[in-house]
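# Close look at the chain arrangement
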There are 2 protein chains.
Amino acid sequence: MRNFDQFSITEAVLERVANAPDARIREISEALVRHLHNFIREVRPTQAEWEKGIAFLTDTGHMCTGTRQEFILLSDTLGVSMLVDAINHDHQTAVTESTVLGPFYVEGPPEVACGTDISGHLEGEPMFVSGSVATLDGTPLANAIVDVWHSDVDGYYDVQHEENGLVARARLRTDDQGRFSFWSIKPAAYPIPHDGPVGKMLEAQGRHPWRPAHVHFMIEAPGHEKLVTHVFVAGDAYLDSDSVFGVKDSLIRDFTAHAQGVAPDGRVMDQPWCQLTYDFKLNPVSAAASQAA
Amino acid sequence: MRNFDQFSITEAVLERVANAPDARIREISEALVRHLHNFIREVRPTQAEWEKGIAFLTDTGHMCTGTRQEFILLSDTLGVSMLVDAINHDHQTAVTESTVLGPFYVEGPPEVACGTDISGHLEGEPMFVSGSVATLDGTPLANAIVDVWHSDVDGYYDVQHEENGLVARARLRTDDQGRFSFWSIKPAAYPIPHDGPVGKMLEAQGRHPWRPAHVHFMIEAPGHEKLVTHVFVAGDAYLDSDSVFGVKDSLIRDFTAHAQGVAPDGRVMDQPWCQLTYDFKLNPVSAAASQAA
Ligand SMILES: [Cu+2]
Ligand SMILES: [Fe+3]
Ligand SMILES: [Fe+3]
């Protein structure tokens, strides 16, 4: 095979990847080649534009470190992450909706007992978070793993200030009634990290990098699909223009303001604080399997 | 905008990038989003597959250094480089055909006089290369820049053994009659670097990484389109299965074998050597401009 023109080259590459021993890899490779080549034929990049594309991808890769995932940011800002999420979580039931993982999850976060204040050295408005984890029919799930992480009042995650260690981040376990709780500080809206290639892309596309304030949750219980989601702060200015398209109405809650006084867990508060409550419902694996079928 | 499903998410992202101030960036962004989302909707990746995709791109970025360009290898092996080449060089004339740049070009190669032996410390069959550079109608182009680079007998480029410095690589200038010449050693077929993510991809796709033996040329002359091409060794086993789809019949030449004796430039050869001759024709910029119109 030689002498390809702008149409026969696609056939040639498809013929080559048709030898993939694994059927799924073959399927993905073929679809990738078709859509990628159609994209190129549509936009007809100059050699200089192709070079810019190579440089953009290279810079994006070089920006990735143990605590910065620029390709996830790219996927998020191009709507790919939420599209993959929608494809995999098209529940027609009362199960809690999912949203993007984001680039700031840390494997194996610090395990703490329910009720712990995880805000460490951070200053901000105290926030009491409590809720429950149940299966689809409302049966509580005891001993479920509840990972939580959120930004500080300036909109930064702990891993963006590595020198300070992990904070505003924890792993909790639900009790016999499927309940959990913790103290922290109220998170702020924040721009996704935009000092890299993705930030340049957003600027070139005339877009802002902001996300509405939220608390991340990742919840796991045996026999259930892992839930990756956020709870957003009602009234946030960016709920309708989230830079990563992650907002769903069912995930918005009032972070109810309270004057100083006694909190639900008996803590005496000498300053105003806020309260978030959310009851999560997980999708049983059997339901997930029958959906996929 | 909130609560996106797997179709409305595409509309939402398109609406967002519609604000791009630059019309070309808007056009490219919109096409990228449409084709990327259609690709995702077609293959319906699981979350685990999406994670593998992110990891693949990240690894590809991390593999890129000053002397290793893994994203160019990815573009080459997916046929994108030759597609971009075809789009930009759809000449219906006698102009020399172009092919991929490849990842081994070095900016500002060592300038040498015509006739120089550029093989340095490398062992191999001596090769005498000569030829000419002319414009479309055959008028010689004097003082044209002729950059050349090729692999050693083991199929490696100088930059893959950084400790040895630049070799089998040079910048020449054509003389008054548009002629150039140099000595080196005959290059070998080689596998593209396949110890990285692209190598894993090729293996998963059931493909070999080999390229037929060739000498790279990049030729520039005022008033003409820059020519990026190779000349391939006739009879090579990989001419029909080049891993980057770069072969064109017009770029294949005999590297004629000669017994020991006197070479065309008077050099007395005490061992067998080979000879490559190629006459290049460049595309005048005016022709390029009228094609693009
Ligand atoms: Cu497409
Ligand atoms: Fe976040
Ligand atoms: Fe090469």
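Residues numbered from 1 in each chain as written. Chains lettered and ligands numbered in written order. Predicted model: local features only at pLDDT ≥ 70, side-chain atom pairs only at ≥ 80, totals over all residues. Heavy atoms only, no water.

### Observations regarding the overall build of chain A
Of regular secondary structure, chain A possesses 7 helices and 13 strands. If one aligns the C-alpha atoms of chain A with their principal axes, the spans along those axes are about 80 × 45 × 30 Å. Counting every position in chain A, which comprises 293 residues, the buried fraction comes to 54%. Here the contacts in chain A between residues at least 6 apart in sequence split such that 70% fall between residues at least 24 apart. In the structure as shown, chain A presents an accessible area of about 12,300 Å², 52% of it carried by carbon and sulfur atoms. Here chain A contributes 22 positively and 41 negatively charged side chains, and the mean placements of these two sets differ by 7 Å. (Helix = DSSP H or I, 4+ residues; strand = E, 2+ residues; numbered from the N terminus. Buried < 20%, exposed > 50% of the residue type's maximum accessible area, 1.4 Å probe, protein only. Contact = heavy atoms within 4.5 Å. Areas by Shrake-Rupley, 256 points an atom, 1.4 Å probe, with all protein chains shown as cover. Lys, Arg positive; Asp, Glu negative; His and termini not counted. Charge placed at Lys NZ, Arg CZ, Asp CG, Glu CD.)

### A look at the sheet that holds strand β7 (residues 214–220) of chain A
All names here are of chain A. In spatial order, the strands read β3-β2-β7-β8-β9; together these 5 strands make up an open sheet with mixed pairing. Looking at the sheet topology across the chains shown, the edges are occupied by β3 (169–173) and β9 (252–253). Both strand β2 (residues 145–150) and β7 contribute to a ladder of 6 bridges, which runs antiparallel. Note that in β7 the partner of V148 across the bridge is F217. (Pairing = 2+ DSSP bridges.)

### Quick notes on the interface of chain B and chain A
Counting residues at the interface gives 76 residues for chain B and 76 residues for chain A. Regarding the contact of chain B and chain A, the summed buried area is about 7,000 Å², with carbon and sulfur atoms giving 60% of it. Applying the counting criterion to the chain B and chain A interface returns 8 salt bridges. Linking D249 of chain B and R2 of chain A is a salt bridge whose minimum nitrogen-to-oxygen distance equals 2.8 Å. Applying the counting criterion to the chain B and chain A interface returns 40 residue pairs in polar contact (both at pLDDT 80 or more). Elements that contribute at least two residues to the side of chain B that touches chain A include exactly α1 (8–17), α2 (23–43), α3 (47–63), α4 (70–77) and α5 (80–88) of chain B. (Buried area = accessible area lost by both parts, 1.4 Å probe. Salt bridge = Lys/Arg side-chain N within 4 Å of Asp/Glu carboxyl O. Polar contact = N/O pair within 3.5 Å; in protein donor to acceptor, adjacent residues only side chain to side chain.)

### A word on the relation of the copies chain B and chain A
Overlay of chain B on chain A (RMSD 0.0 Å): rotation 180°, translation along the axis 0.0 Å. Given the turn and translation reported, the copies of this chain are related as if by a two-fold rotation axis. Identified as the residue of chain B closest to the rotation axis by C-alpha distance is G61 of chain B, at 1.9 Å. (Least-squares fit on C-alpha atoms with pLDDT ≥ 70 in both.)

### Thoughts on the domain arrangement of chain A
With domains assigned, chain A is organised as domain 1 (8–44) and domain 2 (75–292). Each of domain 1 of chain A and domain 2 of chain A was reduced to a C-alpha centroid, and the two centroids are 38 Å apart. (Domains from an automatic or database assignment.)

### Focus: the state of the cysteines
Scanning the model with the defined rule gives 0 disulfides over all chains in all. The cysteine C64 of chain A is free of any disulfide, with C64 of chain B supplying the nearest cysteine sulfur at 12 Å. Taking relative accessible area as the criterion, C64 of chain A reaches 5% and is therefore assigned buried. C274 of chain B provides the cysteine sulfur closest to C114 of chain B, a residue in no disulfide bond, and the two sulfurs are 18 Å apart. (Disulfide = S-S within 2.5 Å.)

### Here we look at the coordination of the iron ion (ligand 2)
Residues and elements named next belong to chain A. In this structure, Y157 (OH), Y190 (OH), H214 (NE2) and H216 (NE2) serve as the protein donors to the iron ion (ligand 2), at separations of 2.0 to 2.1 Å. In this structure, the iron ion (ligand 2) is surrounded by 4 donor atoms whose angles at the metal cover 89 to 162°, and the resulting shape is irregular. Each donor residue of the iron ion (ligand 2) belongs to the same chain, with the gaps between them written as Y-x32-Y-x23-H-x1-H. On the criterion of sequence distance, the pair formed by Y157 in the loop between β2 and β3 and H214 in strand β7 is long-range, its members being 57 residues apart. An identical accessibility class is assigned to Y157 and H214; each is buried. (Donors = N, O, S within 2.8 Å, 3.2 Å for Na, K, Ca; no water. Tetrahedral: all angles 85-135°; square planar, octahedral: opposite > 155°, others 65-115°.)

### Things to note about the coordination of the copper ion (ligand 1)
At 2.2 to 2.3 Å from the copper ion (ligand 1) lie its protein donor atoms, namely H35 of chain A (ND1) and H35 of chain B (ND1). In this pair, H35 of chain A sits in helix α2 (residues 23–43) while H35 of chain B sits in helix α2, so the two residues belong to two different chains. Here the two residues H35 of chain A and H35 of chain B agree in accessibility, since each one is buried.

### Description of the layout of surface pockets
Of the volumes computed, that of the second largest pocket is approximately 1,200 Å³. As for the second largest pocket, its lining consists of 43 residues, of which K226 of chain A together with Q47, A48, W50 and E51 of chain B are closest to the centre. Mapped by element, the contributors of at least two residues to the lining of the second largest pocket are α4 (70–77), α5 (80–88) and α7 (285–292) of chain A together with α3 of chain B. It is α3 of chain B that provides the largest number of residues to the lining of the second largest pocket, a total of 8 residues. Split by residue class, the lining of the second largest pocket holds 17 nonpolar, 16 polar and 10 charged. (1 Å grid on protein atoms, 1.4 Å probe; cavity = no way out; pocket = protein on both sides within 12 Å on 5 of 7 lines; lining within 4 Å. Points joined across faces, edges and corners; volume = space filled by probe spheres on them. Nonpolar A, V, L, I, M, F, W, Y, C, P; charged D, E, K, R; others polar.)

### With respect to the pattern of salt bridges
When charged atoms on two side chains of opposite charge get close, those side chains can pair. All names here are of chain B. In the structure shown here, the tally under the stated rule is 26 salt bridges over all chains. Between K248 and D85 there is a salt bridge, and its shortest N-O distance comes to 3.3 Å. Of this pair, K248 sits in the loop between β8 (227–233) and β9 (252–253) while D85 sits in helix α5, and the two are 163 residues apart along the sequence. For the pair K248 and D85, one class covers both residues: buried.

### Quick word on α2 of chain B
Relative to the 30 Å expected for 21 residues at 1.5 Å per residue, α2 of chain B spans 30 Å between its end C-alpha atoms, a close match to the ideal helical length. Contacts from the buried residues of α2 of chain B go to α2 and α5 of chain A together with α1 of chain B. With a side-chain oxygen positioned 3.0 Å from the backbone nitrogen of R24 of chain B, the residue opening α2 of chain B is D22 of chain B. Of the residues trailing α2 of chain B, R44 of chain B is marked for its positive phi of about 45°. (Expected span 1.5 Å × (residues − 1).)

### A short note on the side chain of T174 of chain B
Residue and element names in this part refer to chain B. Among the secondary structure elements, T174 is positioned in the loop between β3 (169–173) and β4 (179–185). The class for T174 is buried, based on a relative accessible area of 5%. Engagement of the side chain of T174 in a polar contact is seen with the backbone oxygen of L141, the distance being 2.7 Å. Apart from the residues within four sequence positions on either side, T174 is in contact with V133, L141, A142, N143, A144, V146, R179 and F180.

### Section: the nonpolar core
Counting residues in each nonpolar core, the largest one holds 61 residues, and the members touching the most others are I9, I40, V198 and F245 of chain A together with I9, I40 and F245 of chain B. Residues in contact with F245 of chain A, not counting those within four places in the same chain, are D76, T77, G79, M82 and R207 of chain A together with F4, I9, A12, V13 and R16 of chain B. (Core = buried A, V, L, I, M, F, W, Y, C linked by side-chain atoms within 4.5 Å.)

### Digging into the pairing of strand β4 (residues 179–185) of chain A
All names here are of chain A. Where burial is concerned, most of β4 is hidden: 6 out of the 7 residues are buried. The sheet contact formed by strand β1 (residues 126–135) and β4 spans 7 bridges and is antiparallel. Its bridge partner being in β4, S130 is matched across the sheet by S181.

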